[in-house]
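Commentary on secondary and tertiary structure
Residues per chain are reported as follows:
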Amino acid sequence: MTGADGVQPMRRGLVIAGGGAKGAYTFGCLKALRELDVEFAAVAGTSAGALNAVIWSIGDLKAGERLWSSISPASAYERRGPLKYLPRPVARAVGSLIVVISLLIARADGVPVGPSLDRTLGLTAAVLVGIVMTTIAAGPALLLFPPAELAGIGTPKALAMGLLLCCPLTLLSIVIIGIGGEKTNQRPHGLVMFIFMILWATTVAYPLVYVSEYYVDTRDLGQILFVLAFIVWTIVAFYLAWFFMILLAIPLLPFIGMTALSNDPLLATVRAFLHGGEMTIPTYVTTARLLPVFDPDRPTWMAADRSIRPYDEPYSGPWKADPAHVWVPAYVQIDERTPEQQATFLMASAALPFGIVRPVVIGETRYVDGGIVDNLPILPLLQHRLDELYVLTLHPACAADEQLLAPARCARLLRLLSLLRRPLPDDIANRDAAYFARDPPERVPLPDVGPWPRLVVLRPTRSL
């Protein structure tokens, strides 16, 4: 189609970043673009950006302004389950605990949580490991001797030694188990080594302390039997300490799998808005799914019999492909869906994971906030052969933001989506011969994303 002067009009697209309540800022940008009579051929957004994308596609900015005026944290979300009956400060504390537990469980299962959270969770896990190990190391002395004998037996020195043992053992456990690191086949074996190190500490440390406090005559059978009994009861105390820690963890079990908030109020508000208009241009909503993906350029293998063995132990059996679970984007064109489906995918795009809001289940797939994998969804608009692409971001200019706007990022996301369609490789006899990591990838190279439009980035001058 050409204009009156024979010149083909410029095709523009619009990408809107997500950011919760900061979506009110990008909605203000939409009002400015409307005043400038800027038109778009397609629009895409994530989370709050997806809601603004729908508002633009429907074209009723006045209704969109009323929508944003009615949205607040208190009106969009409500506390779930027993949290709604607790005082607000208590509910916030319990909700924070639910999120921390969910993050730790996710990281222990190898679920990506983001580089910055990885470091925070690694430190949190190290502190928790230190607390557990200190409890276990101090347990035998407190269980074996009554309080009246603590001063005479040298328990303060024993406790000090237990604390000193905790420092290197905690560091070793972090390295061996791989807290905060990538998923490897060594982790189950590292967990076994971790348990045996604690057993060694509690079995060996306290007899040594006793021997250092009092000279043991090896010719005295009674003293020898006492030291042997000390070792036996130290082992018993080790298991008692673990049992005690399990009892302490039982009250936390109800929080596993629980979420702190429900977005049902927001869902009702969005449904009412969607029934008042119809989308007029292609509109994409970004969500995320946790799926198993095998990357031939970063392969992971496991023993075919799934047995636990040291990394360097010879193994003559075959190795099977072990797909890693990664967050994969889903770009859903919702202008072709029913209003109920549109509302469902909008809630999926804003379902904050890790214990905050329940994932949205569609079919057999659980969807969460698309911002965890792609907060600037440029990729779905590239198929529309655009001349210009307006990008509404929520951060001032920075190097990290520039990487999000680079063609290479879209190429990696497109490659990730292509890996979902690849079958798993056959079993191999020698894992080491097939274990490598190539970046940039070679076996499945980065695809060509096609013509790259001219970017027009609209961003705040300072942090919001």
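Since the structure is predicted, the reported quantities are computational estimates derived from the model, not experimental observations.

Brief notes about the pairing of strand E2 (residues 42-46)
For a regular strand, side chains alternate in direction, first toward one face of the sheet and then toward the other. Among the five residues in E2, five count as buried, and that is most of the element. Covered by surrounding structure in E2 are Ala42, Ala44 and Thr46 together with Val43 and Gly45, the residues of both alternating faces. For the segment spanning strand E1 (residues 12-16), helix H1 (residues 23-35) and E2, crossover handedness is right-handed. In the sheet, E2 pairs with strand E5 (residues 283-293) via four bridges, with the strands oriented parallel. Residue Ala44 lies in a different strand from E5, and its bridge partner there is Tyr284.

What to know about the packing of aromatic side chains
One pass over the full model with this rule turns up four aromatic pairs. A centroid spacing of 6.1 Å and a plane angle of 70° characterise the contact between Phe345 and Tyr367, whose relative ring orientation is edge-to-face. You can see Phe345 sitting in helix H12 (residues 339-349) and its partner Tyr367 sitting in strand E10 (residues 365-369), a full 22 residues away along the chain. A single burial state applies to Phe345 and to Tyr367, both of which are buried. In this structure an aromatic cluster arises from ring pairing among Phe40, Trp56 and Tyr390. The cationic tip of Arg34 hangs over the ring face of Trp56; the distance from NZ or CZ to the ring centre is 4.6 Å.

Side note on the side chain of Arg409
By the element assignment, Arg409 lies in helix H14 (residues 407-419). Among the polar contacts listed, one links the side chain of Arg409 to the side chain of Asp374, at a separation of 2.6 Å. Residue contacts for Arg409: discarding those within four places in its chain leaves Asp374, Leu376, Ile378, Gln403 and Leu404.

Overview of unusual backbone geometry
Not every positive phi belongs to a glycine, and Phe354 is a case in point at roughly 60°. The phi torsion at Arg385 lies on the positive side, around 55°, for a residue other than glycine. As for its placement among the helices and strands, Arg385 is situated in the loop between E10 and strand E11 (388-392).

Things to note about the pattern of salt bridges
Pairs can form between side chains of opposite charge once their charged atoms are near each other. Per the stated rule, a full pass over the model turns up eight salt bridges. Among the salt bridges present, the one from Arg415 reaches Asp297, with a minimum N-O distance of 3.0 Å. Placement of the pair is Arg415 in helix H14 and Asp297 in the loop between E5 and strand E6 (301-303), with a sequence separation of 118 residues. Take Asp297: its relative accessible area is 0%, and that puts it in the buried class. Of the charged contacts in the structure, one is a salt bridge between Arg409 and Asp374, with a shortest N-O distance of 2.6 Å. In this pair, Arg409 is assigned in helix H14 and Asp374 in the loop between E10 and E11, connecting sequence segments 35 residues apart. Exposure class is identical for Arg409 and Asp374. Each is buried. Salt bridges sharing common partners tie together Arg12, Glu388 and Arg454.

Let's talk about helix H3 (residues 61-70)
Every buried residue belonging to H3 is among Leu61, Ala63, Gly64, Leu67 and Trp68, and all of these are buried. The arc enclosing the buried residues of H3, seen along the axis, measures out at 150°, which places them on a common side. The outward face of H3, more than 90 degrees from its buried face, is lined by the exposed residues Lys62, Arg66 and Ser69. Check the buried side of H3 and you find it contacts H1, helix H2 (48-58) and helix H11 (264-274).

Structural notes on the side chain of Thr26
As for its position among the elements, Thr26 is in helix H1. We classify Thr26 as buried; its relative accessible area is 0%. Among the polar contacts listed, one links the side chain of Thr26 to the side chain of Asn52, at a separation of 2.7 Å. Once residues within four sequence positions are removed from consideration, Thr26 is found in contact with Ile16, Asn52, Leu392 and Leu394.

Overview of the pairing of E1
Summarising burial for E1: four of the five residues are buried, a large majority. Where E1 and E11 come together, five bridges link them in parallel fashion. Of the residues in E11, the one forming a bridge with Val15 is Val391. Sheet topology note: the E1/E2 ladder contains four bridges and is parallel. Residue pairing for E2: Val15 is matched across the bridge by Ala44.

Cut-off values and rules
- Residues numbered from 1 in each chain as written.
- Predicted model: local features only at pLDDT ≥ 70, side-chain atom pairs only at ≥ 80, totals over all residues.
- Heavy atoms only, no water.
- Buried < 20%, exposed > 50% of the residue type's maximum accessible area, 1.4 Å probe, protein only.
- Helix = DSSP H or I, 4+ residues; strand = E, 2+ residues; numbered from the N terminus.
- Right-handed = clockwise from strand over helix to strand, strands pointing away.
- Pairing = 2+ DSSP bridges.
- Phe/Tyr/Trp six-rings, centres within 6.5 Å; stacked < 30°, edge-to-face > 60°.
- Lys NZ or Arg CZ within 6 Å of the ring centre and 35° of its normal.
- Polar contact = N/O pair within 3.5 Å; in protein donor to acceptor, adjacent residues only side chain to side chain.
- Contact = heavy atoms within 4.5 Å.
- Salt bridge = Lys/Arg side-chain N within 4 Å of Asp/Glu carboxyl O.
- Arc of directions from axis to C-beta.

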